[in-house]
Amino acid sequence: MTRFRSLIAGLALSLTVLAPAAAQIPQPPEIAARAYLLLDVTTGQVLASKDPDASVEPASLTKLMSAYLVFDALRAGKITLTQTFGVSERAWKTPGSRMFIEPRMQVPVEDLIKGMIVQSGNDATVALAEGVAGSVDRFVELMNQQAKALGMTATGYRNPEGLTAPGHVTTARDLATLSTRLINDFPQYVGYYSIQRYRYPGTPATNDTNRNLLLFRDPTVDGLKTGHTDAAGYCLVATARRPVPGLGDGPAGQRRLLSVMLGTSSENARAAESQKLLNWGYTAFDTVRLLAANQPAAEPRIWKGKSDTVKLGRAEGVIVSVPAGEGAKLKSEVVRPDPLVAPLQKGQGVGTLRVTTASGQPVVEVPLTVLETVEEAGIFGRAWDAIRLWIQ
């Protein structure tokens, strides 16, 4: 393997944990929860966690997967926001939090989505499940299939609304995976999670308030979902976006963090502990752009190609979260096979960018890809390079 060392700026999109043994890595505050995880969605790095793989009941955080399937059906054109779904006896009688819809109603899909997200309505969730899949049982099958496809290996669903049931479990890590994919895969729909108040016409006015208290306390918070059962405790997946100097203007210049808070003692506690963790993540870590989109991290020699060099980088660029104050002192190296021989195709994985602090503590490893295709040279060019390689 050949190593190229340089001081460059960049960020990773693979889920990577900052090295906990490093003295420079900030330690999170005390968090009163059974389990939690703080993810930098912008960089893909886990900044802090406690028992992230412990099996827990998801309660109404289950509805994140239910929403994923509904959004996917909308994207595929299988349903529309304006079409209406009937309300079955099963939906009407589902216990727990409610939208207060009744069997005589035909409710637009968009209103059911708001009922599921803002009011955490179990009745709305069951109505959506039946409308999308034909039955609750089939919808639950789709939930488990989607969980497997997303790599949520420790999650099992038994219903779409989140009521306690044997085998209905997940983990903080799986919830972070699901929430990140929900945000990234359906940006056109995630705005529903920032709605503070909603009720369907004719239903109780006292049932109109989003249970995510951070939506009313922190203007940078724009989601995501609360959950509570006696067994699960009070849970919250919260996410916020805040501008970061140097990253750019608009959404591209904002850093998104996501906290998964499980098993707190009260509605206020889940909000306060989530706020504490989010604020810590924004102050304890800086975000640094190491590579712009399509900027090469290295341009090593390539043999038997129409070009003498090949550009290695990331199409989306590289951004990393580092302990506050460490951004200007990062070190990086490109580790790659040697020699490189054409042809190499655009997007083909070649090598890794390793980023460390000034003291050598690992920060992140980013897979690199070929930015521009290098085609194979003609017969004489290949022969000449073969001789040169043999001489070397």
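It should be noted that the structure appears before, not after, this text.
Now for a description of the structure that goes with this document. (Residues numbered from 1 in each chain as written. Predicted model: local features only at pLDDT ≥ 70, side-chain atom pairs only at ≥ 80, totals over all residues. Heavy atoms only, no water.)

### As for the packing of helix α1 (residues 63-75) against helix α4 (residues 122-133)
For the record, the criterion: Note on geometry: axes are C-alpha line fits, over the in-contact stretch for helices, and angles between N-to-C directions span 0 to 180 degrees. Secondary structure elements are taken from DSSP: a helix is a run of H or I of four residues or more, a strand is a run of E of two residues or more, and numbering for both begins at the N terminus. Angles are sorted into four bins: roughly parallel if under 35 degrees, roughly antiparallel if over 145, roughly perpendicular if 65 to 115, and oblique for all others. If you view the pair so one helix is near and one far, a crossing is left-handed when the near helix is turned anticlockwise from the far one by less than a right angle, and right-handed when it is turned clockwise. Should any heavy atoms of two residues lie within 4.5 Å, those residues are counted as being in contact.
As a packed pair, α1 and α4 sit with axes 10 Å apart at the nearest point and diverge in direction by 40°. Viewed along their axes, α1 and α4 adopt a mutual orientation that is oblique. Taken as a pair, α1 and α4 cross one another with a handedness that is left-handed. Between α1 and α4, the contacting residues are Lys63, Ser66, Val70 and Ala73 on the first element and Asn122, Thr125, Leu128 and Val132 on the second.

### Description of empty space enclosed by the protein
Stated precisely, the cut-off is as follows: Throughout, the protein atoms alone are placed on a 1 Å grid, and a set of points is a cavity if a 1.4 Å probe fits but cannot get out or a pocket if it is open with protein on both sides within 12 Å along at least five of seven lines; lining residues have an atom within 4 Å of a point. Grid points are joined across faces, edges and corners, and a volume is the space filled by probe spheres set on the points. For this classification, Asp, Glu, Lys and Arg are treated as charged, while Ala, Val, Leu, Ile, Met, Phe, Trp, Tyr, Cys and Pro are nonpolar and the rest, including Gly, are polar.
Inspection of the entire model under this criterion finds one cavity of 30 Å³ or more. As a volume, the largest cavity reaches approximately 30 Å³. Taken together, Arg34, Val56, Glu57, Ala232, Cys235, Leu262 and Gly263 form the lining of the largest cavity. Each residue belonging to the lining of the largest cavity can be placed in one class, and the counts come to four nonpolar, one polar and two charged.

### Re the environment of Arg181
Structurally, Arg181 can be placed in helix α6 (residues 172-185). Remark: the alpha-carbon pair of Arg181 and Val41, spanning 140 residues in sequence, is separated by 9.8 Å. Excluding its chain neighbours within four sequence positions, the residues that come into contact with Arg181 are Tyr68, Leu150 and Phe186.

### A word on the pattern of salt bridges
So the rule is basically this: By definition here, a salt bridge exists when the distance from a side-chain nitrogen of Lys or Arg to a carboxyl oxygen of Asp or Glu is within 4 Å. The buried label applies to any residue whose accessible area, calculated with a 1.4 Å probe on protein chains only, is under 20% of its type's maximum; exposed applies above 50%, and partly exposed to all values in between.
Under the definition given, this model contains 19 salt bridges. Ionic pairing is found between Arg104 and Glu102, a salt bridge with its closest N-O pair at 3.1 Å. For Arg104, a relative accessible area of 66% corresponds to the exposed category. For Glu316, the salt bridge identified is with Arg314, shortest N-O distance 2.8 Å. Residue classification places Arg314 among the buried residues on the basis of a relative accessible area of 13%. Several salt bridges share partner residues, and in doing so they unite Asp222, Arg241 and Arg256 into one network.

### Regarding the side chain of Thr239
Within the fold, Thr239 resides in strand β8 (residues 233-243). Leaving out residues up to four positions away in the same chain, Thr239 has contacts with Ile183, Thr220, Val221, Asp222, Gly223, Leu224, Arg256, Leu257 and Leu258.

### A word on the layout of surface pockets
In this structure, the largest pocket encloses a volume near 360 Å³. Taken together, the elements giving at least two residues each to the lining of the largest pocket come down to α6, β7 (221-229), β8 and β9 (254-264). For the lining of the largest pocket, the element with the highest residue contribution is β9, accounting for three residues. Among the residues making up the lining of the largest pocket, the classes are represented as seven nonpolar, six polar and four charged.

### Some words on α1
The following threshold applies: Residue count minus one, scaled by 1.5 Å, sets the expected span of a helix.
For α1, built from 13 residues, the straight-helix expectation of 18 Å at 1.5 Å per residue is met to within 8% by its first-to-last C-alpha distance of 18 Å. Of all 13 residues in α1, 11 are buried; the element is thus mostly enclosed. For α1, the full list of buried residues reads Lys63, Leu64, Met65, Ser66, Ala67, Tyr68, Leu69, Val70, Phe71, Ala73 and Leu74. The inward-facing, buried residues of α1 contact α3 (109-117), α4, α5 (136-149), α6, β7 and β8. Phi turns positive one or two residues past the end of α1, at Gly77, with a value near 80°.

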